[in-house]
Amino acid sequence: MNIKDKSLEELETVSQDIRDRIIDVVSRKGGHFSSTLGAVELTVGMHKVFDAYSDPFIFDVSHQCYPHKLLTGRWEEFETIRQFGGLSGFTKPNESDADYFIAGHSSTSISLAVGAAKSIKLKQEDRVPVVMIGDGSMTAGMVYEALNELGDLKLPVVIILNDNEMSIAKPIGAISKHLSKLLAGKTYQGFKDRVNTFIKNNMPEGTTYIAKRMEEAMKLITPGILFEEMGIDYIGPIDGHNLEEVIDTLELAKGMKKPVIVHARTVKGKGYEIAEGQHEHWHGVGPFNVEDGAFIKKAAPKAATAVFAEALCALACKHENIVGVTAAMPSGTGINKLMDKFPERFWDVAIAEQHAVTSMAAMAKEGFKPYITIYSTFLQRGFDQIIHDVCLMDLPVVFAIDRAGTVGNDGETHQGAFDISYLRFIPNMIVFAPRDNATLEEGLSFAYTLTSPSAIRYPRGAFMEVDFPIVPFELGKAQILKEGKSKKLFIGYGAGVGRACETEKLHDEDIAIVDLRFVKPIDSECLKDLATRYDEWYVFSDSQKQGGVGSAILEFLNEENINIKLTSFEYEDSFIEHGDTKLVEQSLSLAPEDLVKRIK
Ligand SMILES: Cc1ncc(C[n+]2csc(CCOP(=O)(O)OP(=O)(O)O)c2C)c(N)n1
Ligand SMILES: CC(=O)[C@@H](O)[C@H](O)COP(=O)(O)O
Ligand SMILES: [Mg+2]
């Protein structure tokens, strides 16, 4: 839809049509809801003033990109948003030339804009990167790395700060507080260029000097001081739902040919009253009833996250030295319950995974027992800190890794595929996994006793329940769940144990099953014993094959010079698409019915 020539009135209608389409589809299919509604006018303004097929349109996280997709030839296809084989819920260049870059992890947008702006300058092209970044995403350190360079190079970039005073939950920290103060202030237009030009052309020499001093003085009172001092012009706050104001301001910003932040005040959920405002549960939703906003709940077994939160609560009651953090995912990780119960011991540190890891390392050094609770995919953000600040000092930090394995509709940017591979090779790190809710509780208690770093992983949603005796975790010890008459052996790890059991049931042989429990240190004695009885091993784990569980076992077999035929049912060397988990697993031939065929 080309909106360049539309009048303001027509654009108001376009905005309403976009809102109606989002409410209709997301209420039936689920998705990121309140973020996208809050970004409608800002997105329409971007498309009115800039050209998405030439100027890099860069959405931070890009969960708010639905209006952009609707304006760039995906109106009908929007019906398939986040569905298997359908549109991604985030920007994706192979979907449309209007999608400049893939996103899903937050706070990359300004770095992308700096890279784009450097390239545009070198290629001497007439294009301007335009960024939309939320107030929550402004709390990640990477943003300041980018602003630091941008303010120095003064490359033309327009940054729209979409400030709805919400992250997923209420925003945390001094940056958010500062931005809210700005929102409360009166509008300040960064129009110094116009003033300077006027003075230069019309006033005697000395005036410029006086004007310069005046400008310096003004800086002391201008709200955008945080950005102005970094060399980034600040305009705002403006009403991010007032199309005329948005368009005029973006025109002004574009004309400034320098880095400028347009600070827009918006309401998360704007246009669907029930979701308007600071409502965490409207950020990402399942299907709901438009009339009354009631969520259409499907009966589901108890999620691992809920078990984790309850178990950690019980532990924290028992042991006063337990502390913990989430990085802006309080309800997603269940840490909100701990924050409510122990506000002095559990924190939301904002979107700051690196800071989460290193600050908790210091608490471990001080004698506390930190549980760092971060999704597998987001923990990738704190990788160097895990090595440099936790493992090098061999500190007793527990990494509670939620969303391990495939995560469903979020897709490639969010899969919890890599944590085993990226943790296993770090000295001092203990890597282990429960197979169900009962062993998750057991595992969290066991982790409390460890004097080295440890990582325990569990899936999005519920484990598949399996029925075997619960034995206490013992460092480096596996648990043989059943012996078998066949020469085959199923080795399950974490949620993979459930899949091994399902597959064994579908198979027409009596197959032994072992719960590996530890991928590091691996249970050499148990594996050596099993090798005397079984010579065809199959590995089941929700993790990347490269460097994963199968690799660990192969390394062991090689070191012991044991000759076993080993097949690993882990993820192949590619990124995993979005969609319903069952459909995704079938596409990977990892559903039990597929595995039976592959074994045969
Ligand atoms: C590195 C990283 N950590 C955590 C998340 C989870 N996450 C997705 S959106 C979001 C909040 C974003 O808030 P904001 O930028 O204000 O956008 P809004 O939804 O308010 O429009 C968070 C924490 C993420 N995508 N990336
Ligand atoms: C956009 C983003 O990164 C989060 O909203 C994420 O989608 C949450 O994932 P869960 O739904 O698994 O909590
Ligand atoms: Mg926000």
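Parameters at a glance
Counting starts from 1 at the beginning of each chain's written sequence and moves along it residue by residue. The lettering of chains begins at A and the numbering of ligands begins at 1, in the order of writing. Where totals are concerned, whole chains, interfaces and linings use all residues; where local detail is concerned, this predicted model gives features only for residues with pLDDT of at least 70, and gives and counts side-chain atom pairs only at 80 or more. UniProt positions are given in the numbering used here, feature names are shortened, and annotations may be inferred rather than shown by experiment. A run of H or I in DSSP counts as a helix once it spans at least four residues, and a run of E counts as a strand once it spans at least two, with each numbered from the N terminus. Throughout, radius of gyration means the C-alpha value; the globule benchmark is 2.2 Å times the number of residues raised to the power 0.38. Contacts here follow a simple rule: the backbone-placed C-beta atoms of the two residues must lie within 7 Å. For each residue, a C-beta position is placed from the backbone atoms; the residue is near a molecule or strand when that point lies within 6 Å of it. Three categories are distinguished: nonpolar for Ala, Val, Leu, Ile, Met, Phe, Trp, Tyr, Cys and Pro, charged for Asp, Glu, Lys and Arg, and polar for the others, with Gly belonging to the last. Throughout this description, the term nonpolar core refers to a group of buried Ala, Val, Leu, Ile, Met, Phe, Trp, Tyr and Cys residues whose C-beta atoms join them within 7 Å. The burial criterion counts other C-beta atoms lying within 10 Å of a residue's C-beta, which is placed from the backbone; the residue is buried at 20 or more, exposed at 12 or fewer, and partly exposed between these limits. For two strands to be treated as a pair, DSSP must find no fewer than two bridges joining them. A fitted line through C-alpha atoms represents every axis, and for helices the fit uses only the stretch in contact; the resulting angles, taken between N-to-C directions, go from 0 to 180 degrees. Just so you know, the domain bounds were taken from an automatic or database domain assignment. Working rule for helices: expected span equals 1.5 Å times residues minus one. By definition, the crossover connecting two strands over a helix is right-handed if that path, from the first strand to the second, turns clockwise as seen with the strands pointing away from the viewer. Confidence of the prediction at every residue is given by pLDDT, a number between 0 and 100. Crossing handedness is read from the near helix: turned anticlockwise from the far helix by less than a right angle, it gives a left-handed crossing, and turned clockwise, a right-handed one.

- You'll find the chain entered in an unreviewed UniProt entry as 1-deoxy-D-xylulose-5-phosphate synthase, with Poseidonibacter ostreae given as the organism.
- What UniProt records for the chain under Subunit (unreviewed entry) is the sentence "Homodimer."
- Quoted verbatim from the Catalytic activity (unreviewed entry) heading of the UniProt record, the comment on the chain is "D-glyceraldehyde 3-phosphate + pyruvate + H(+) = 1-deoxy-D-xylulose 5-phosphate + CO2".

### Quick look at the overall build of the chain
1) Next: Summing up its helical and strand segments, the chain has 24 helices and 19 strands in all.
2) Next: By the compact-globule yardstick of 25 Å for 600 residues, the chain fits well, its C-alpha radius of gyration being 27 Å.
3) Next: Along the first, second and third principal axes, the C-alpha atoms of the chain reach 95 × 55 × 50 Å.
4) Next: Counting contacts in the chain only where the partners sit at least 6 residues apart, residues at least 24 apart contribute 77% of the total.

### Focus: the site of ligand 1
1) Next: Close to ligand 1 lie 24 residues, the nearest being S35, G134, G136, S137 and A328.
2) Next: The residue inventory of the shell around ligand 1, partitioned by class, reads eight nonpolar, 13 polar and three charged.

### Description of the nonpolar core
1) Next: Ranked by internal contacts, the top residues of the largest apolar core, which has 158 residues, are I159, V262, I372 and I491.
2) Next: In terms of residue count, helix α12 (residues 304-318) provides more of this core than any other element does, six residues in total.

### Details of helix α22 (residues 549-559)
1) Next: Within α22 the residues assigned to the buried category are V549, G550, S551, A552 and I553.
2) Next: Backbone geometry just downstream of α22 places N561 in the positive-phi region, at approximately 55°.

### Here's the deal with the sheet that holds strand β9 (residues 346-348)
1) Next: An order of β9-β8-β10-β11-β13-β12-β17 is seen for the seven strands of this open sheet, with the pairing classed as mixed. Of all the strands in the sheet, the pair left with one neighbour each is β9 and β17 (518-520). On average, each strand axis in the sheet is inclined to that of its neighbour by 20°, with strand direction left out of account.
2) Next: Inspection of the sheet shows strand β12 (residues 430-432) paired to strand β13 (residues 454-457) by three bridges, in the parallel sense. In the sheet register, V431 faces β13, and the bridge partner there is A455.

### Focus: the domain arrangement of the chain
1) Next: Its domain assignment divides the chain into domain 1 (8-188 + 223-285), domain 2 (192-220), domain 3 (304-457) and domain 4 (480-599).
2) Next: Inter-centroid distance (C-alpha atoms) of domain 1 to domain 3 is 31 Å.
3) Next: The partner domain 3 presents 17 residues to the 22 residues of domain 1 that form the contact.
4) Next: The class makeup of the residues in the side of domain 1 that touches domain 3 is eight nonpolar, 12 polar and two charged.

### Observations regarding helix α19 (residues 437-449)
1) Next: The end-to-end C-alpha distance of α19 is 19 Å, a good match for the 18 Å that 13 residues give at a rise of 1.5 Å each.
2) Next: Taken together, the buried positions of α19 are N437, T439, L440, G443, L444, F446 and A447.
3) Next: Where α19 is buried, its residues contact α12, β11 (398-402), β12 and β13.

### Remarks on the environment of Y144
1) Next: Relative to the helices and strands, Y144 is located in helix α6 (residues 141-153).
2) Next: Residues Y144 and T567, 423 residues apart in the sequence, show an inter-C-alpha distance of 46 Å.

### Digging into the site of ligand 2
1) Next: Lining the immediate environment of ligand 2, one finds V61, H63, I168, H283, G284, G332, R403, V407, D410 and R460.
2) Next: Counting contributing residues, the shell around ligand 2 receives three or more from each of domain 1 (8-188 + 223-285) and domain 3 (304-457).

### Remarks on the pairing of strand β4 (residues 157-163)
1) Next: The element β4 is largely enclosed, with a buried count of seven among its seven residues.
2) Next: Residues V157, I159, L161 and D163 point to one face of β4 and V158, I160 and N162 to the other, with burial holding for every one of them.
3) Next: Where strand β3 (residues 130-134) meets β4, five bridges bridge the pair, whose relative direction is parallel. Among the inter-strand pairings, M132 is bridged to a residue of β4, identified as I160.
4) Next: As for the winding sense of the linkage, the β-α-β connection from β3 through α6 to β4 is right-handed.
5) Next: Here β4 runs beside strand β6 (residues 259-265); their pairing, made up of seven bridges, is parallel. Directly across from I160, in β6, lies its bridge partner V262.

### Some points on the confidence of the model for the chain
Reading predicted coordinates in detail is not appropriate for stretches of low pLDDT.
1) Next: Averaged over the chain, the pLDDT score is 95; the fraction of residues at 70 or greater is 94%.
2) Next: The ipTM for the predicted assembly is 0.99, set against a pTM of 0.95.

### As for the packing of helix α20 (residues 496-506) against helix α24 (residues 592-599)
1) Next: Direction vectors running N to C along α20 and α24 enclose 65°, while the axes themselves pass 9 Å from each other. Viewed along their axes, α20 and α24 form a crossing whose handedness is right-handed. Contact with α20, carried on its side by R499, E502, T503 and L506, involves P592, E593, L595 and V596 of α24 and no other residues of that element.
2) Next: For the contact of α20 with α24, the per-class residue count stands at four nonpolar, one polar and three charged.

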